[in-house]
Amino acid sequence: MLAVLMATYNGEKYICQAIESIMHQNYDDYCLYIHDDGSSDSTEKIIGEYEREFPDKIKVIEGKTFQHSANNNFMYMLSMVQADWYMFADQDDVWNSDKIEIMMQIAKKENENHAPVLLFSDMIVVDSDLHVISDSFMSYCNINPRRTKLNQVISENIAAGCTCLFNNSLAKQTLRLENTSSLFHHDWWLVCVASATGRIVYVDKALIKYRQHLNNEVGAKKDNYLDYVKNLFMGQQVKKSKDRTERFVRQAIELSCVDFLHERDREMIISLKDFYDYGKIKRVSVFLKYGIKRSKRNIWMYLTL
């Protein structure tokens, strides 16, 4: 069975469209689990009504609140639900009716020996009224979805959580992390664990309308070189780069908790453990030795280590 996990918080404006798009999938062998993080609007009432309307398809998970942390919310649901396959769902996106069907058809072919496997797809970027901004999230954000090696995904996430499908083997490895406060993003962590312990498969189809609005926690950020230069001259780029590097290094170090790390990957993670005790030259040398780099602007990243 497939478990679709939806994290909600003050999502009353778009959540009906999101749930309806999941309820009208061509694929039938799934259950939608929803956990609300203490909404102050009518979100809880709405999801309660849907649970009563679709008691066999929708289950509301009661319990903890996480001060509006999507990371903690999704990881909590993952720990509470037992399934063969999992998908994450955002409260404001609209799924194509064949999203689950297409992903599951490919997943079943990739599930050899039940080793950890993660599949992810492209998205259509839309505005708050579902008008198309870009036919491809990957192109819009200048992301190369083929960069799936651990030394690549450590510093640059390639998959949005709402596009992912992964098996129970990967879920177990992901949950070996006890303290999720160190996570940069839950989906980025999922990608890193998949790369370190199993396989990542890119499905080159846009299967979601990814809605952009004022309350997006992350959103689609167009790769704009002029914005980069502006931040550089305003003195903001150094701090942004340093903060980002510190967070993804801290997240990468947590990979020491998972099983079956490839030997070279294990050596890399061990080298990162004392990263901020090193001098600048040693930090740069570690990145160079293991090829830890983004798809762009690596010189700037190295300069700000």
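Everything below is about the structure shown above.
The structure presented is a predicted model; accordingly, all values stated were derived computationally and were not measured.

Engineer: Would you mind going over the overall build of the protein chain with me for this structure?
Structural biologist: Along its length, the protein chain carries 13 helices and nine strands. Over its C-alpha atoms the protein chain spans a radius of gyration of 19 Å, differing by no more than 12% from the 19 Å that the globule rule assigns to 305 residues. Its C-alpha atoms give the protein chain principal-axis dimensions of roughly 60 × 45 × 35 Å. Within the protein chain, the proportion of its 305 residues that are buried is 55%. The long-range share in the protein chain, meaning contacts at least 24 apart out of those at least 6 apart in sequence, stands at 77%.

Engineer: Please explain the packing of aromatic side chains as it appears in this structure.
Structural biologist: By convention here, two paired aromatic rings are described through the distance between centres and the angle between planes. With the rule as written, the count across this model stands at 13 aromatic pairs. Between Phe74 and Phe88 the ring centres are 4.8 Å apart and the planes differ by 50 degrees, which places this aromatic pair in the tilted class. With Phe74 in helix α3 (residues 70–80) and Phe88 in strand β4 (residues 85–89), the pair connects residues that are 14 residues apart, well separated along the chain. Across the pair, exposure class does not vary: Phe74 and Phe88 are buried alike.

Engineer: Sorry, what's going on with the layout of surface pockets here?
Structural biologist: To locate leftover empty space, one rolls a probe as large as a water molecule over the atoms. In this structure, the second largest pocket spans a volume of roughly 170 Å³. When contributions to the lining of the second largest pocket are tallied by element, the ones reaching two or more residues are α6 (150–153) and α11 (263–272). Broken down by element, the lining of the second largest pocket gets its largest block of residues, three residues, from α11. Here the lining of the second largest pocket is composed, by residue class, of four nonpolar, five polar and three charged.

Engineer: I would appreciate a short explanation of helix α4 (residues 99–110) in the present structure.
Structural biologist: Along its 12 residues, α4 runs 17 Å from first to last C-alpha, staying within 8% of the 16 Å computed at 1.5 Å per residue. Burial in α4 covers these residues: Lys99, Ile100, Ile102, Met103, Met104 and Ala107.

Engineer: I'm lost on the pattern of salt bridges in this one. Help?
Structural biologist: Once the charged atoms of two side chains with opposite charge are near each other, the side chains can pair. This structure, assessed with the given rule, holds six salt bridges. In this structure, the salt-bridge partner of Lys57 is Asp28, at a minimum N-O distance of 3.7 Å. Note that Lys57 is positioned in the loop between α2 (43–53) and β3 (58–60) and Asp28 in the loop between α1 (15–23) and β2 (30–36), a separation of 29 residues in sequence. Look at Asp28 and you get exposed, because its relative accessible area is 56%. Residues Asp259 and Arg176 are paired through a salt bridge, measuring 3.4 Å at the closest nitrogen-oxygen approach. Of this pair, Asp259 sits in the loop between α10 (237–253) and α11 while Arg176 is found in the loop between α7 (168–174) and α8 (186–197), placing the two residues 83 residues apart along the sequence.

Engineer: Whenever I open this one, the side chain of Asn96 confuses me. Can you help?
Structural biologist: Within the secondary structure, Asn96 is located in the loop between β5 (94–95) and α4. Ignoring any residue separated from it by four or fewer positions in sequence, one finds Asn96 in contact with Gln25, Ala206, Leu207, Ile208 and Lys209.

Engineer: When you look at the nonpolar core in this model, what are you seeing that I'm missing?
Structural biologist: It is characteristic of soluble globular proteins that their nonpolar side chains tend to be buried jointly. Val4, Ile19 and Phe287 are the most contacted members of the largest nonpolar core, which totals 102 residues. Among the elements that make up this core, the one with the highest residue count is α8 (eight residues). In contact with Ile19, not counting residues within four places along its chain, are Met6, Leu32, Ile34, Ile47, Tyr50 and Ile58.

Engineer: For this particular structure, what's the right way to read the environment of Met103?
Structural biologist: Structurally, the position occupied by Met103 is in helix α4. For Met103, a relative accessible area of 0% gives the class buried. Measuring from C-alpha to C-alpha, the distance between Met103 and Asn168 comes to 15 Å, with 65 residues separating the pair along the chain. The contacts of Met103, once residues within four sequence positions are left out, are Met87, Leu119, Phe120, Ser121, Thr163, Leu165, Val203 and Leu207.

Engineer: What am I meant to see in the pairing of β4 here?
Structural biologist: Where a strand is regular, its side chains alternate between the two sheet faces. For β4, the buried fraction is high: five of the five residues fall into the buried class. A two-sided burial pattern is seen for β4, the buried positions comprising Trp85, Met87 and Ala89 on one face and Tyr86 and Phe88 on the other. Sheet topology note: the strand β1 (residues 2–8)/β4 ladder contains five bridges and is parallel. Note on β4: the bridge partner recorded for Val4 is Met87. Relative to strand β8 (residues 165–167), β4 is paired through three bridges, and the arrangement is antiparallel. From the neighbouring strand, Trp85 faces β8, where its bridge partner is Asn167.

Engineer: In this structure, what is going on with α8? I would like to understand it.
Structural biologist: Residue pairs spaced three or four apart in an α-helix point in one direction, given the helix's 3.6 residues per turn. The end-to-end C-alpha distance of α8, which contains 12 residues, comes to 16 Å, matching closely the 16 Å that a straight helix rising 1.5 Å per residue would cover. Of the positions making up α8, those classed as buried are His186, Asp187, Trp188, Trp189, Leu190, Val191, Cys192, Val193, Ala194, Ser195, Ala196 and Thr197.

Cut-offs and rules
- Residues numbered from 1 in each chain as written.
- Predicted model: local features only at pLDDT ≥ 70, side-chain atom pairs only at ≥ 80, totals over all residues.
- Heavy atoms only, no water.
- Helix = DSSP H or I, 4+ residues; strand = E, 2+ residues; numbered from the N terminus.
- Rg over C-alpha atoms; globule rule 2.2 N^0.38 Å.
- Buried < 20%, exposed > 50% of the residue type's maximum accessible area, 1.4 Å probe, protein only.
- Contact = heavy atoms within 4.5 Å.
- Phe/Tyr/Trp six-rings, centres within 6.5 Å; stacked < 30°, edge-to-face > 60°.
- 1 Å grid on protein atoms, 1.4 Å probe; cavity = no way out; pocket = protein on both sides within 12 Å on 5 of 7 lines; lining within 4 Å.
- Points joined across faces, edges and corners; volume = space filled by probe spheres on them.
- Nonpolar A, V, L, I, M, F, W, Y, C, P; charged D, E, K, R; others polar.
- Expected span 1.5 Å × (residues − 1).
- Salt bridge = Lys/Arg side-chain N within 4 Å of Asp/Glu carboxyl O.
- Core = buried A, V, L, I, M, F, W, Y, C linked by side-chain atoms within 4.5 Å.
- Pairing = 2+ DSSP bridges.

Distances and angles like these do not, on their own, reveal function.
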